[in-house]
Amino acid sequence: EDSIIDDTLEKEEVVEDIIEEETAYQEESSSIVDIDLTKLSSTMVYSEVYNMMYLPENYIGKTVKMSGTFVIYTNQDESQYYPAVIIQDATACCSQGLEFVLEGNPAYPEGYPELGIEIAVTGTFETYNEDGDIYCRLQNARIE
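Everything numeric in this text was worked out from a predicted model, so none of it was measured.

Looking now at the environment of T38. Following the sequence through the fold, T38 ends up in the loop between β1 (35–36) and α2 (42–54). The class of T38 is partly exposed, set by a relative accessible area of 32%. For the pair formed by T38 and K65, sequence separation is 27 residues and the distance between their alpha carbons is 6.7 Å. Excluding its chain neighbours within four sequence positions, the residues that come into contact with T38 are K65, M66 and S67. In terms of polar contacts, T38 uses its side chain to reach the side chain of D36, at 2.4 Å.

This part covers the packing of aromatic side chains. According to the stated counting rule, one finds eight aromatic pairs in the structure shown. With 6.0 Å between their ring centres and 10° between their planes, Y50 and Y54 make a pair best called stacked. In this pair, Y50 and Y54 are both assigned in helix α2, four residues apart and thus about one turn of the helix distant. A connected cluster of aromatic rings, assembled from ring pairs, spans F70, Y81, F100, Y108 and Y112. When the ring centre of Y128 is taken as origin, the NZ or CZ atom of R137, which lies over that ring, is 3.9 Å away.

Right, let's talk about unusual backbone geometry for a bit. Cis geometry marks the peptide bond from Y108 to P109, where omega comes out at 15°. Relative to the assigned elements, P109 resides in the loop between β4 (95–102) and β5 (118–130). Of note in this structure, E78 is not a glycine but carries a positive phi near 60°. Unusually for a residue other than glycine, N105 sits at a positive phi of about 50°. Here N105 is to be found in the loop between β4 and β5.

A few words now on the side chain of R137. Structurally, R137 is set in strand β6 (residues 133–143). Under the relative-accessibility criterion, R137 is labelled buried at 16%. Here E126 takes part through its side chain, which lies 2.5 Å from a polar atom of the side chain of R137. Setting aside anything within four residues of it in sequence, one finds R137 in contact with L98, E99, F100, V101, T124, F125, E126 and Y128.

Right, let's get into the pattern of salt bridges. A full pass over the atoms with the stated rule returns three salt bridges. The salt bridge involving K65 is made with E144; its shortest N-O contact spans 3.2 Å. Taken together, the residues span a long stretch of sequence, with K65 in strand β2 (residues 63–74) and E144 in the segment after β6 at a distance of 79 residues. Measuring nitrogen to oxygen at the nearest pair gives 2.5 Å for the salt bridge that ties E126 to R137. One end of the pair, E126, is in strand β5; the other, R137, is in strand β6, and 11 residues separate them in sequence. Through salt bridges with shared partners, a single network forms among K65, R142 and E144.

Conventions we followed
Residues numbered from 1 in each chain as written. Predicted model: local features only at pLDDT ≥ 70, side-chain atom pairs only at ≥ 80, totals over all residues. Heavy atoms only, no water. Helix = DSSP H or I, 4+ residues; strand = E, 2+ residues; numbered from the N terminus. Buried < 20%, exposed > 50% of the residue type's maximum accessible area, 1.4 Å probe, protein only. Contact = heavy atoms within 4.5 Å. Polar contact = N/O pair within 3.5 Å; in protein donor to acceptor, adjacent residues only side chain to side chain. Phe/Tyr/Trp six-rings, centres within 6.5 Å; stacked < 30°, edge-to-face > 60°. Lys NZ or Arg CZ within 6 Å of the ring centre and 35° of its normal. Salt bridge = Lys/Arg side-chain N within 4 Å of Asp/Glu carboxyl O.

Any link to function would need more than the numbers given here.
Okay, here's the thing in structure tokens:
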């Protein structure tokens, strides 16, 4: 009878270990980044972001992580706010930015960092049409 109890306890421990491993794998899988620009040199990041703007169809639906300076753009009458991450090339003569929309789409400035600080942001790349123009952004973004 004791050996049956010991076998049952061992099996329960094995099942618990499997569940823990599967949970850890699922959490890791859910945070997979397709394009991690934080691991590239400044020249490569600038080039890749330029490619995103020039050929956005190659990036739609991909999870992108990038870091740079937090800025806010506005439309002409300043009724719309567009948060973005700006990166510069290696010589700091040229810059390229990518708009992002935080998860839950909070109104600016609540939930956003201080202007001008370095941030890392991860989100899903998409395009959208506004007033007949196509723009790129990271949707459902998280600041890390």
